[in-house]
Amino acid sequence: MSEQETTGHEWDGIRELNTPLPRWWLWTFYLTILWGIGYCIAYPAIPLVTGNTAGLLGYSSRAELEQTMAMVADERREIIERIASSDLATIRGDEELAQFAIAGGAAAFRVHCSQCHGSGAVGSVGYPNLNDDDWIWGGSLEEIHQTISAGVRDEANDDSRFSEMPAFGADGILEAADIRDVTAHLLALGGREPVTGDANFGSEIYAEQCEVCHGEGGEGMRDLGAPALADAIWLYGSDPDSIMAQVRQPSHGVMPAWGARLGDTVVKQLTLYVHSLGGGE
């Protein structure tokens, strides 16, 4: 039987030994208490009704962050000013400026654009994919800049891109059978076998109602914001039901005018980033 002192507690014949803590552990524990008291005195720590104790050293993590951000801004000021004063072609032709602009544009895209176009800019139904070479309003640096800056169908901006397709079914311009025929023609334009309607009749209706905006061969017209219809890229779905729904009562997407919100320098960086994704012209 152990001769060591016990606490007097016993359960089913098992006694609890009164083993003292090691001296080194106790002194370490006491030191941590002293360290905590000293920390509370030196740094902001104790919450009060309307704030907290400031600490004898006057340290502030917010002030430190502000100083760091100010230092970063000072370091970037020169290159930001160069971007602000340069046109898009000059920025793209300068390796240093281009790398900085694309990196800044990528950061701005994640904050302001990824919610609609996706983190990889691949888009979704109703939101264009920015990686391909199918551009409703054009994919040159200047055209992308104009689209981002002025927005699309932003009624608050007089320079916004604007186009509107008639609701051929809802407005009674075409009958249901006509819409099926036009859909058959559109499928044929893209090299697909029509599953509904008569493509021959649809081609006649297309020539009367659609060709003026989308072109004879469905190549689209960027000046009017009319998308190409002869490829496999469809903003609102490529199946027959989706196409008929768009002809019957089209959806019209809206994008804010980012120029007034972000400033031209950030819009330039966004332009360079979007153009660099692979589909820029």
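Residues numbered from 1 in each chain as written. Predicted model: local features only at pLDDT ≥ 70, side-chain atom pairs only at ≥ 80, totals over all residues. Heavy atoms only, no water.

(A) Layout of the overall build of the protein. Helix and strand content of the protein: twelve helices and two strands. The order of α-helices and β-strands along the protein, N terminus first, is β-β-α-α-α-α-α-α-α-α-α-α-α-α. For the protein, the C-alpha radius of gyration of 33 Å lies well beyond 19 Å, the compact-globule estimate for 281 residues. Seen along its three principal axes, the alpha-carbon backbone of the protein occupies a region of about 105 × 65 × 40 Å. Here the protein holds 281 residues, and the buried ones make up 30% of them. Roughly 17600 Å² of accessible area belongs to the protein as shown, and the carbon and sulfur atoms make up 55% of that amount. Averaging the positions of the 16 positive and the 42 negative side-chain charges in the protein gives two centres separated by 9 Å. (Helix = DSSP H or I, 4+ residues; strand = E, 2+ residues; numbered from the N terminus. Rg over C-alpha atoms; globule rule 2.2 N^0.38 Å. Buried < 20%, exposed > 50% of the residue type's maximum accessible area, 1.4 Å probe, protein only. Areas by Shrake-Rupley, 256 points an atom, 1.4 Å probe, with all protein chains shown as cover. Lys, Arg positive; Asp, Glu negative; His and termini not counted. Charge placed at Lys NZ, Arg CZ, Asp CG, Glu CD.)

(B) Spatial organisation of the pattern of salt bridges. Under the definition given, this model contains five salt bridges. Between Arg82 and Glu96 there is a salt bridge, with the nearest N and O atoms lying 3.2 Å from each other. Of this pair, Arg82 sits in helix α2 (residues 61-85) while Glu96 is found in helix α4 (residues 95-112), placing the two residues 14 residues apart along the sequence. Take Arg82: its relative accessible area is 27%, and that puts it in the partly exposed class. (Salt bridge = Lys/Arg side-chain N within 4 Å of Asp/Glu carboxyl O.)

(C) Region of interest: the packing of helix α7 (residues 176-189) against helix α10 (residues 240-248). One way to put it is that α7 packs onto α10 with a least axis distance of 9 Å and a crossing angle of 125°. With respect to their mutual orientation, α7 and α10 come out oblique. Remark: the crossing between α7 and α10 carries right-handed chirality. Every residue of α10 that contacts α7 at Ile179, Arg180, Thr183, Leu186 and Leu187 is listed here: Pro240, Ile243, Met244, Val247 and Arg248. (Axes fitted to C-alpha atoms, helices over the stretch in contact; angles between N-to-C directions. Parallel < 35°, antiparallel > 145°, perpendicular 65-115°, else oblique. Left-handed = near helix turned anticlockwise from the far one by under 90°. Contact = heavy atoms within 4.5 Å.)

(D) Representation of a nonpolar patch on the surface in the model. Together, Leu21, Trp24, Trp25, Trp27, Phe29, Tyr30, Leu31, Ile33, Leu34, Ile37, Ile41 and Leu56 give the surface a local cluster of nonpolar side chains, amounting to about 1400 Å² of exposed area. Residue Trp27 is classed as exposed on the basis of its relative accessible area, which comes to 57%. (Patch = residues over 30% accessible without salt bridge, like charges linked within 9 Å, V, L, I, M, F, W, Y side chains within 5 Å.)

(E) Just the pairing of strand β1 (residues 6-11), in detail. Little of β1 is tucked away: zero of the six residues are buried. The pairing of β1 with strand β2 (residues 14-17) spans three bridges and is antiparallel. Bridging from a neighbouring strand, Glu10 pairs with Arg15 of β2. Connecting the antiparallel pair β1 and β2 is a turn made up of two residues, with Asp12 showing a positive phi of about 50°. (Pairing = 2+ DSSP bridges.)

(F) Region of the structure containing the packing of aromatic side chains. This model, assessed by the stated rule, comprises six aromatic pairs. Ring centres 5.9 Å apart and planes at 90° place the aromatic pair Trp27 and Tyr30 in the edge-to-face group. You can see Trp27 and its partner Tyr30 sitting in helix α1 (residues 23-42), three residues apart, about one turn around the helix. Between the aromatic rings of Tyr39 and Tyr43, the centroid separation amounts to 4.8 Å while the plane-to-plane angle is 25°, which identifies the pairing as stacked. On the accessibility criterion, Tyr39 (41% relative accessible area) is partly exposed. By the ring-pair criterion, three or more aromatic residues cluster together here, those being Trp25, Trp27, Phe29 and Tyr30. We note Arg261 situated over the ring of Trp258; from NZ or CZ to the ring centre the distance is 5.4 Å. (Phe/Tyr/Trp six-rings, centres within 6.5 Å; stacked < 30°, edge-to-face > 60°. Lys NZ or Arg CZ within 6 Å of the ring centre and 35° of its normal.)

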